[in-house]
Amino acid sequence: MLGFFKISAIGKSHLAKSDGVCQDYSDVVQTNEDMIIAAIADGLGSAEKSDIGSQIAVKTVLDHISGRIKPSKKADLYINALHEAFQFAYRTVITYAKNQNDDPKMYNTTLTVAIYNGKDLYYGQCGDGGIVALTYDGDYICVTDVMKGEEFNETFPLLCGEGYWTFGKADLPICAFTMMTDGIYDIVCSPLLANEKQKIYVPFIRRFMDRNVLKANDPEDFRKLQESISAFISGNGIPGVTDDKTIVGVINTKVVPKLKDEEYYREPDWKALKRKQYEIMDREYNTSSVRPHVTPQKSAGVSENYRAQIDDCQRKLAEEKAKNKKLADKLMKALFVESILILILIAAILLLVFGSEKKSGHEKKAESGSSFSAADSKKEKKKTEKTDDLSSQPAVTNIISKIPEDIISKVQIAGEDVVVTDSTVDEPQSDDISTSDDADNEPPAAEYAE
Amino acid sequence: MLQQKEFNGDFINQEDFNTTPIFSDTEKHLACIFVLDTSGSMTLHNAIDQLNMGLKIFKEQTIRDNSTMAQACIDIALISFDSKVQVIQDFTPISQMITPNLEAYGQTKMGEALDTAMDMITRRKKAYVASGTPYFRPWLFCITDGQPTDGYKEAAERLQWMEENRKLVSYCIGVEGCNYSVMQEIFDPNSIFGLKDCDFVGLFKFVSASITPVINSKEGTPSVDVDIPSSMFRIPLN
């Protein structure tokens with residue numbers, strides 16, 4: 001036979017409200033000894049009348065499927081039936097809302113539906129609840145994919161449309177399964193187990209499905225199960241979950257699943273999983289954060305770490321500032337040097353300009369017809385210099401006084417002043433006395449030096 | 001090998017059932033990033049000092065109002081922007097948040113700062129997903145007294161896309177001198193607030209008070225309204 005239990009219990013958070021109601025709903029229809037259709041729905045917390053929406057959705061799909069389905073080996077038949085049922089539920093909720101002059105979103109709800117014949121499990125799913133099943137071989141598997149957004153409490157309920165509904169069949173023969181809304185589902189498929197080989201909290205869920213630990217053989221057993229589980233769920237059985245809770249379990253009493261090794265049923269090491277979670281998070285983010293509630297920390301250790309972080313950041317800030325200051329200084333120096341160079345360049349240009357003007361001035365004077373040759377001008381210059389020298393030197397007068405008169409008279413006639421040295425006394429004097437060999441004509445430097 | 005137990009009709013061994021602890025992980029993280037204007041004009045009205053004080057108060061109050069476990073779920077990051085964008089601190093639990101002594105100088109590279117903030121949020125969410133950590137939609141607060149002096153159009157488009165696709169929630173807080181017309185090109189007008197008298201202490205107390213009920217909320221609990229301080233006001237829409 002196929003036996004079942006179904007519980008929907010109001011959560012503490014809703015009990016606390018004056019008008020709090022349970023927004024979950026569930027129901028099961030057994031069409032014959034060998035077929036069960038089960039449906040659960042979780043009205044959105046933000047939707048004011050979602051408790052009504054969840055009831056409408058569940059009742060509609062169960063009515064639609066149970067009135068149409070017949071035992072068949074064709075999977076398509078069941079899946080098409082589920083699809084149609086979802087479409088019918090969608091239209092029914094919207095029509096009801098419009099009749100009430102309400103926005104249909106006020107009635108929004110998740111929906112999970114299963115058709116089970118003791119071995120094959122067909123499902124339709126939208127939202128964040130789900131189905132966990134036990135195979136004949138004793139394996140626990142997640143049958144459905146949770147439709148969640150990025151945020152943990154973001155989901156895609158019925159009224160999001162067909163794009164967010166999924167349908168399918170479990171790949172393996174199933175001897176029992178449970179359907180849960182997110183309050184319990186998130187415990188059974190804990191995020192901490194997401195990266196583990198076993199993604200299901202087996203020790204917890206097997207107590208609802210495994211006939212190796214559960215007495216579930218006849219209708220009386222299932223009646224007692226119903227009472228026990230109801231007391232457990234409604235009481236303090238699952239601390240920390242204050243949301244509404246729904247669980248529906250269906251068991252094939254003709255099958256006892258195979259047992260696995262003890263390891264398979266061992267309680268996970270949650271502390272180690274928590275540490276691993278933060279290690280992955282910190283590794284992904286290149287941080288090494290301290291999580292005091294996960295790893296016991298001495299207060300000194302925590303404060304040292306904190307201080308080290310502050311020191312590190314302050315050091316980095318200081319380094320940045322120093323770097324910026326150096327860059328600024330370099331820039332100032334470069335600007336200073338550049339401005340000096342520019343000034344030098346300007347000065348050079350000015351010199352060139354003025355220098356060339358002076359030169360062209362002298363050249364013009366030469367072209368205008370002066371009787372002086374270059375040599376003459378030099379001679380004049382020299383003569384002037386030497387005349388000055390001679391007139392101030394009494395030694396020269398003495399030398400001239402010793403020169404014979406006829407030579408002096410010849411010199412006077414030539415009209416040239418002659419600097420008399422020993423070497424020049426016997427040599428004829430010419431008009432063009434080149435002063436290029438000034439060294440010969442100059443008196444000993446020692447006598448005339450000033 | 002386990003044997004099928006004989007029961008007297010009770011659901012399993014009730015004692016074992018009740019005494020066996022059931023682990024339920026209720027930790028959900030909230031990433032909150034503050035994008036802080038430290039341009040030269042923030043020296044006016046003592047704004048930068050008030051901002052520094054506000055950050056200190058934020059940390060103290062958030063730690064005081066939350067358990068150790070809850071504190072570990074509040075991840076805070078700080079970015080400052082003036083003539084350059086600086087990541088003061090990447091996402092870190094609130095207990096290890098740095099309270100910097102910000103100084104004001106330079107321009108207002110807000111566009112680049114917002115881009116950096118969005119990159120950090122995206123990276124943080126990837127870390128959450130990789131580690132299987134449930135999280136709330138991240139918050140981004142931009143505090144400014146002016147307008148961007150760099151190109152901001154692309155950052156504005158990206159921010160609007162992220163908001164529309166529920167990747168984050170962003171708010172802009174403007175103090176005296178803020179160009180709200182330009183801010184409306186970047187942020188949702190309903191998410192822009194003015195702040196009188198540079199009351200950053202009041203602002204950060206409000207943000208801290210808003211974080212606490214979120215981080216401590218359970219599934220199904222209704223949202224809690226937190227009163228905004230009298231120094232905060234909504235800006236008139238253009």
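This is a predicted model, so every value here is computed, not measured.

## A few points about unusual backbone geometry
Phi is positive for Asn 101 of chain A, close to 55°, though the residue is something other than glycine. With respect to the secondary-structure elements, Asn 101 of chain A resides in the loop between α3 (75-99) and β4 (111-116). You can call Asn 101 of chain A exposed: its relative accessible area is 72%. One non-glycine residue, Arg 166 of chain B, adopts positive backbone phi at about 60°. Along the polypeptide, Arg 166 of chain B turns up in the loop between α5 (153-164) and β5 (169-174).

## Side note on the confidence of the model for chain A
Residue and element names in this part refer to chain A. In the predicted model, chain A carries a mean pLDDT of 77, and the fraction of residues at 70 or more is 70%. For residues 292-305, every residue scores under 50 in pLDDT, and the model assigns this stretch 18 contacts once sequence neighbours within four places are set aside. Segment residues 407-450: pLDDT under 50, and 36 contacts once partners within four positions in sequence are set aside and those in other chains are kept.

## Some remarks on the nonpolar core
Ranked by size, the top nonpolar core spans 40 residues in total, and within it Tyr 140, Val 188, Phe 204, Ile 233 and Ile 247 of chain A carry the most contacts. Contributions of two or more residues to this core are made by β1 (2-9), β6 (130-135), β9 (174-180), α4 (182-188), α5 (202-205), α6 (219-234), β10 (245-252) and α7 (270-285) of chain A. For this core, the leading source of residues is α6 of chain A, giving 5 residues. Once residues lying within four places of it in the same chain are set aside, the contact partners of Tyr 140 of chain A are Ala 133, Leu 134, Gln 198, Ile 200, Val 202, Ile 205, Arg 206, Met 209, Asp 210, Tyr 264 and Tyr 265 of chain A. With 39 residues, the next largest nonpolar core counts Phe 141, Val 175, Ile 215 and Met 232 of chain B among its residues.

## With respect to the sheet that holds strand β7 (residues 232-234) of chain B
Hydrogen bonds along the backbone pair up the strands of a sheet, which may run parallel or antiparallel. Residues and elements named next belong to chain B. Strand order in the open sheet formed by 7 strands is β3-β2-β1-β4-β5-β6-β7, with mixed pairing between adjacent strands. On the outer flanks of this sheet lie β3 (85-93) and β7, each paired with one strand and no other. With strand direction ignored, the average angle separating the axes of adjacent strands in the sheet is 20°. Relative to strand β6 (residues 192-195), β5 runs parallel, the two sharing 3 bridges. The residue of β6 that forms the bridge with Ile 173 is Phe 193.

Calculation rules
- Residues numbered from 1 in each chain as written.
- Chains lettered and ligands numbered in written order.
- Predicted model: local features only at pLDDT ≥ 70, side-chain atom pairs only at ≥ 80, totals over all residues.
- Heavy atoms only, no water.
- Helix = DSSP H or I, 4+ residues; strand = E, 2+ residues; numbered from the N terminus.
- Buried < 20%, exposed > 50% of the residue type's maximum accessible area, 1.4 Å probe, protein only.
- pLDDT = per-residue confidence, 0-100.
- Contact = heavy atoms within 4.5 Å.
- Core = buried A, V, L, I, M, F, W, Y, C linked by side-chain atoms within 4.5 Å.
- Pairing = 2+ DSSP bridges.
- Axes fitted to C-alpha atoms, helices over the stretch in contact; angles between N-to-C directions.

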